[in-house]
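So the chains spell out like this:
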Amino acid sequence: MRTIILNVAISLDGFIAGPNGEFDWCFTDQDYGMPDFMNSIDTIFYGRKSYELMLTMEEDLFKDQTRYVFSQTLTEVAEGYQLLNGDLKAEVEKIRAQEGKKIWLFGGTSLASSFLEAGLINELFLAVHPLLLGTGMPLFEGIADRTPLKLVDSKTYDSGMVQLLYQIE
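Calculation notes
- Note on numbering: residues in each chain are counted from 1, in written sequence order.
- Side-chain atom pairs in this predicted model are given and counted only at pLDDT of 80 or more, local residue features only at pLDDT of at least 70, and totals for whole chains, interfaces and linings cover all residues.
- To obtain the side-chain values, all non-hydrogen atoms of the structure were included, while hydrogens and water were left out.
- The way it works is that DSSP assigns letters per residue, a run of H or I at least four long becomes a helix, a run of E at least two long becomes a strand, and they are numbered from the N terminus.
- Each residue is placed in one exposure class: buried if its accessible area under a 1.4 Å probe, protein chains only, is under 20% of its type's maximum, exposed if it is over 50%, and partly exposed if it falls in between.
- Criterion used throughout: strands pair if DSSP finds at least two bridges between them.
- Looking down the strands as they point away from the viewer, one classifies a crossover as right-handed if the path from the first strand across the helix to the second runs clockwise.
- Throughout, an axis means a line fitted to C-alpha atoms (over the contacting stretch in the case of helices), and angles, computed between N-to-C directions, take values from 0 to 180 degrees.
- Throughout, a contact is declared for two residues whenever any of their heavy atoms are within 4.5 Å.
- Criterion for a salt bridge: a side-chain nitrogen of Lys or Arg within 4 Å of a carboxyl oxygen of Asp or Glu.

Novice: What's the story with the overall build of the chain in this structure? I'm lost.
Specialist: Along the backbone of the chain there are four helices and ten strands. In the chain, the succession of helices and strands from N to C terminus is β-β-α-β-α-β-β-α-β-α-β-β-β-β. Counting only C-alpha atoms, the chain reaches 40 × 40 × 30 Å along its principal axes. Taking all 169 residues of the chain together, the buried fraction comes to 41%.

Novice: Help me understand the pairing of strand β4 (residues 66–70) in this model?
Specialist: Within β4, four of the five residues are buried, which leaves the element mostly enclosed by the surrounding structure. Note: strand β3 (residues 41–47) against β4, five bridges, orientation parallel. From the neighbouring strand, I44 faces β4, where its bridge partner is R67. The β-α-β motif built from β3, the intervening helix α2 (residues 48–56) and the parallel element β4 has right-handed crossover chirality. Sheet analysis places β4 next to strand β5 (residues 81–84), joined by four bridges and oriented parallel. Within β5, the residue paired with R67 across the bridge is Y81.

Novice: In this structure, what is going on with the sheet that holds β3? I would like to understand it.
Specialist: The pairing of strands in a sheet comes from backbone hydrogen bonds and takes either a parallel or an antiparallel form. Read from one edge to the other, the open sheet built from eight strands follows the order β5-β4-β3-β6-β1-β7-β10-β9, with strand pairing classed as mixed. Looking along the sheet, the strands with just one partner apiece sit at the ends: β5 and β9 (149–156). This sheet shows a mean twist of 25° between the axes of neighbouring strands, independent of strand direction. Relative to strand β7 (residues 123–129), strand β1 (residues 4–11) runs parallel, the two sharing seven bridges. By the bridge assignment, V8 is partnered in β7 with L126. Contacts from α2 reach β3, β4, β5 and β6 (102–107), with the element oriented near 110° to β3.

Novice: Help me out: how do you make sense of the pattern of salt bridges in this one?
Specialist: Here the idea is simple: oppositely charged side chains can pair when their charged atoms come close. Taken as a whole and judged by the stated rule, the model has five salt bridges. The shortest N-O distance in the salt bridge between D42 and R2 comes to 2.4 Å. One end of the pair, D42, is in strand β3; the other, R2, is in the segment before β1, with 40 residues separating them in the sequence. A salt bridge links E93 to R96, with the shortest nitrogen-to-oxygen separation between them at 3.5 Å. Of this pair, E93 and R96 both sit in helix α3 (residues 88–96), three residues apart, which is roughly one turn of that helix. With relative accessibility at 25%, the residue E93 sits in the partly exposed group.

Novice: Any chance you could explain unusual backbone geometry here in plain terms?
Specialist: Excluding glycine, residues mostly carry a negative phi; peptide bonds, for their part, are mostly trans. Residue Y32 is not a glycine yet carries a positive backbone phi of 50°. Among the secondary structure elements, Y32 is positioned in the loop between β2 (15–17) and α1 (34–40). When its relative accessible area of 5% is taken as the criterion, Y32 is described as buried.

Pasting the structure below:
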């Protein structure tokens, strides 16, 4: 069974984007291990908002990965993406059962929360940026139960960013 890893930048106060979806606060002064991470995955899961954000990018950054969009409102997606709008757990388990590398849960708050509630996330890879946004999109919303985590790895960068890798127990 393939591993699903939520890899996301997060502010110290728990936001993954500003109030208008902005992520201009994310550090880009070095690679922060992204080439190694990208080599460990071959599939990306997007929520509708993250997918729509990707469409605004000038460069198709992740065209070499298999890309799925989870949405109950979209009826079609751009070339290079596959739309999934059925039962979340059934759709994900079908993909997880296929041969392949890790799966990157790229995001959004709603999708990450749904995956966590359904027990579909194996690892959290959090890039904690040393700033407080004050408001914005939280990492998770409406989580009903406690979720114990086990710290597997951490790395501190000279920028003050800390990467934390947790396994969900």
